[in-house]
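Report on the structure
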Amino acid sequence: MKSMQERLTERFLRYAAVSSQSVEGSAVVPSTPGQWELAKLLKEDLAALGVVDLEISEYCVLTGRLPGNLPAGYHKVPTVGWVAHLDTVNVNLSPDVHPQIVKNYQGGDVLLNAEKQIYIKVSEHPELEKYIGSDLITSDGTSVLGADNKAAIANLLVALETLHEDASILHGDIYVCFVPDEEVGLCGSKKMDFSKFPVDFAYTIDCCELGEVVYQTFNAGSATIKVQGVTAHPMSAKNTLVNPTLVAVDVINCLDRMQTPEHTEGTEGFIWVESMQTNVSEATLNLKIRDHSKPMYEARKKFIADAVEYVKAKNPKAKVEMQIVDVYGNIADAINDENRVCVDHIFEAMSELGITPKDIAMRGGTDGSFISTKGIPTPNYFTGAHNFHSYCEFMPMDAVEKSCQMTLKLIELITK
């Protein structure tokens, strides 16, 4: 029988072979055809493992249920789900991933591509030295590896395979959901039909190093401010021309330069001037709003609204419109005394597996950040991989195996 690491490796290579990079700004979900291809492949693989009610929605959201095998008279157990995303990130590298395996890593720099002389250097990534003796999976340096999130997909399929092959492992109903376009705004989770995911709580496996736990994320919003100016030829512009670019800059100048991404850390929030598009007649300003604290997040939204009103009063001839949209929430805001068990189980599982937890307040969000706003608390735990969104991404298979053990241990604890 193949070892867990062998099965995880085979699954990962199978799914990494499908190019499923998402694209920002697409008018449709999913944004790329490769995500459809991967969803169809997973549907076949899940059916072979006894997963039923399999369905791929019009938005490429794949859902299914592994029926429970509890004996008659067994006490009621929570219904749990897992969510993973189909897409890999676009960071202007190749969309095609060519994984390679470094067997029994013995330290030193890792050569990814001899022709292009691309390395993962220990001087830049000293975390490599933690994994001497482990097999590593890397890219060939021309792409990300895609452990974000195909390590999670492999994890879930191996866990389900284990349950399918060993009927002595008791469990209740387990739901799975695979969503597209996570990397471009959690678009897939926002297209979920929650009637097909009727769980008490759920998990994502979408962070990095062994032991990482995330149940604190940003509250996130986007503000779009549109300015319509008044055009005029310079020969007759005095008291007539209204420059939309300068009006937009007036809004920017209202912001605190010390409360931006480059000046904040930990749980400190910010307003980020992400982009501005202008011409002689109009300007569009795009802002991102982030804060772990919900009251502070709401205060930042109000600050922007007040700044826009101030600028409108200062520039009465300009037409200024604003829209603020909530993007996702802090997972922690969905956790209460009744459902906190979903987080407690993570720490209990780590304790039983001898894993030291690393509790992280993520300066970002996961699919669980949106799902949690729907009343389904969805904390996150480690894949075991490192350096997401980089050609230096790598998977130490000892740590990846621990993540899969976490999945199975959580099922065991939930079923107790």
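So, here's what we can say about the structure. Computed from a predicted model, the values in this text were never measured in an experiment.

A few words now on the overall build of the protein chain. A tally of regular secondary structure across the protein chain gives eight helices and 17 strands. Computed over C-alpha atoms, the radius of gyration of the protein chain comes to 24 Å, within 12% of the 22 Å expected from 2.2 N^0.38 for 416 residues, which places it in the range of a compact globule. Seen through its principal axes, the protein chain has C-alpha atoms that stretch 85 × 60 × 40 Å. Burial statistics for the protein chain: of 416 residues in total, 53% are counted as buried. Looking at the protein chain alone, contacts between residues at least 24 apart form 78% of all its contacts between residues at least 6 apart. Considering the protein chain, the positive charge centre built from 36 side chains and the negative charge centre built from 56 side chains are found 6 Å apart.

A few words now on the pattern of salt bridges. Enumeration over the complete set of coordinates arrives at 23 salt bridges. Linking lysine 301 and glutamate 298 is a salt bridge whose minimum nitrogen-to-oxygen distance equals 3.3 Å. A residue pair is termed a helical-turn pair when its members lie 3 or 4 positions apart in one helix, as lysine 301 and glutamate 298 do in helix H5 (residues 294–314) at three residues. For glutamate 298, a relative accessible area of 35% puts it in the partly exposed group. Between glutamate 309 and lysine 312 there is a salt bridge, and its shortest N-O distance comes to 3.5 Å. Remark: lysine 312 and glutamate 309 occur in helix H5; sequence separation between them is three residues, near one turn of the helix. For glutamate 309, a relative accessible area of 46% corresponds to the partly exposed category. One connected set of salt bridges, linked through shared partners, spans Arg7, Arg11, Arg14, Asp45 and Glu161.

Of note, glutamate 268 is situated in the loop between helix H4 (244–253) and strand E12 (270–278). Here glutamate 268 falls in the partly exposed class, since its relative accessible area comes to 41%. Put simply, glutamate 268 and arginine 363 are 95 residues apart on the chain and 8.8 Å apart in space, counted from C-alpha to C-alpha. With near-sequence residues (within four places) excluded, glutamate 268 lies in contact with Phe218, His263 and Arg363. A polar atom in the side chain of glutamate 268 sits 2.9 Å from the backbone nitrogen of glutamate 265.

Strand order across the open sheet formed by four strands is E12-E13-E11-E14, with antiparallel pairing between neighbours. The outermost strands of the open sheet, each flanked by one partner alone, are E12 and strand E14 (319–328). Pairwise comparison of adjacent strand axes, ignoring direction, gives a mean angle of 15 degrees for this sheet. Pairing analysis gives ten bridges linking strand E11 (residues 219–228) to strand E13 (residues 282–291), with the strands arranged antiparallel. When the bridges of E13 are listed, threonine 224 appears paired with asparagine 286. Strands E11, E12, E13 and E14 of the sheet are contacted by H4, whose axis makes an angle of about 15 degrees with E13.

With that settled, consider the packing of aromatic side chains. Enumeration over the complete set of coordinates arrives at seven aromatic pairs. When the centroid spacing of 5.9 Å and the interplanar angle of 80 degrees are considered together, the rings of phenylalanine 201 and tyrosine 203 count as edge-to-face. Here the aromatic rings of tyrosine 381 and phenylalanine 382 are separated by 6.4 Å at their centres, their planes lie at 70 degrees, and the arrangement is edge-to-face. Assessed through its relative accessible area of 0%, tyrosine 381 is described here as buried.

Two numbers describe how helix H1 (residues 4–16) lies on helix H2 (residues 33–47): the axes approach to 10 Å, and their chain directions differ by 145 degrees. Taking contact as the criterion, the partners of Arg11, Arg14 and Tyr15 in H1 are, on H2, Leu38, Leu41, Leu42 and Asp45. Residues that form the contact of H1 with H2 fall into these classes: four nonpolar, no polar and three charged.

Moving on, we get to unusual backbone geometry. In this chain, valine 29 is followed by proline 30 through a cis amide linkage whose omega measures 5 degrees. Of note, proline 30 is situated in the loop between H1 and H2. Note that the residue after aspartate 148, namely asparagine 149, is joined by a cis bond; omega there is 25 degrees. Among the structural elements, asparagine 149 can be located in helix H3 (residues 147–165). With a phi angle near 65 degrees, histidine 389 is a residue other than glycine that sits in the positive phi range. Locating histidine 389 in the fold gives a position in the loop between strand E16 (380–382) and strand E17 (394–396). Take histidine 389: its relative accessible area is 36%, and that puts it in the partly exposed class.

Quick notes on the rules
Residues numbered from 1 in each chain as written. Predicted model: local features only at pLDDT ≥ 70, side-chain atom pairs only at ≥ 80, totals over all residues. Heavy atoms only, no water. Helix = DSSP H or I, 4+ residues; strand = E, 2+ residues; numbered from the N terminus. Rg over C-alpha atoms; globule rule 2.2 N^0.38 Å. Buried < 20%, exposed > 50% of the residue type's maximum accessible area, 1.4 Å probe, protein only. Contact = heavy atoms within 4.5 Å. Lys, Arg positive; Asp, Glu negative; His and termini not counted. Charge placed at Lys NZ, Arg CZ, Asp CG, Glu CD. Salt bridge = Lys/Arg side-chain N within 4 Å of Asp/Glu carboxyl O. Polar contact = N/O pair within 3.5 Å; in protein donor to acceptor, adjacent residues only side chain to side chain. Pairing = 2+ DSSP bridges. Axes fitted to C-alpha atoms, helices over the stretch in contact; angles between N-to-C directions. Phe/Tyr/Trp six-rings, centres within 6.5 Å; stacked < 30°, edge-to-face > 60°. Nonpolar A, V, L, I, M, F, W, Y, C, P; charged D, E, K, R; others polar.

The values reported here are purely geometric and, on their own, carry no functional implication.
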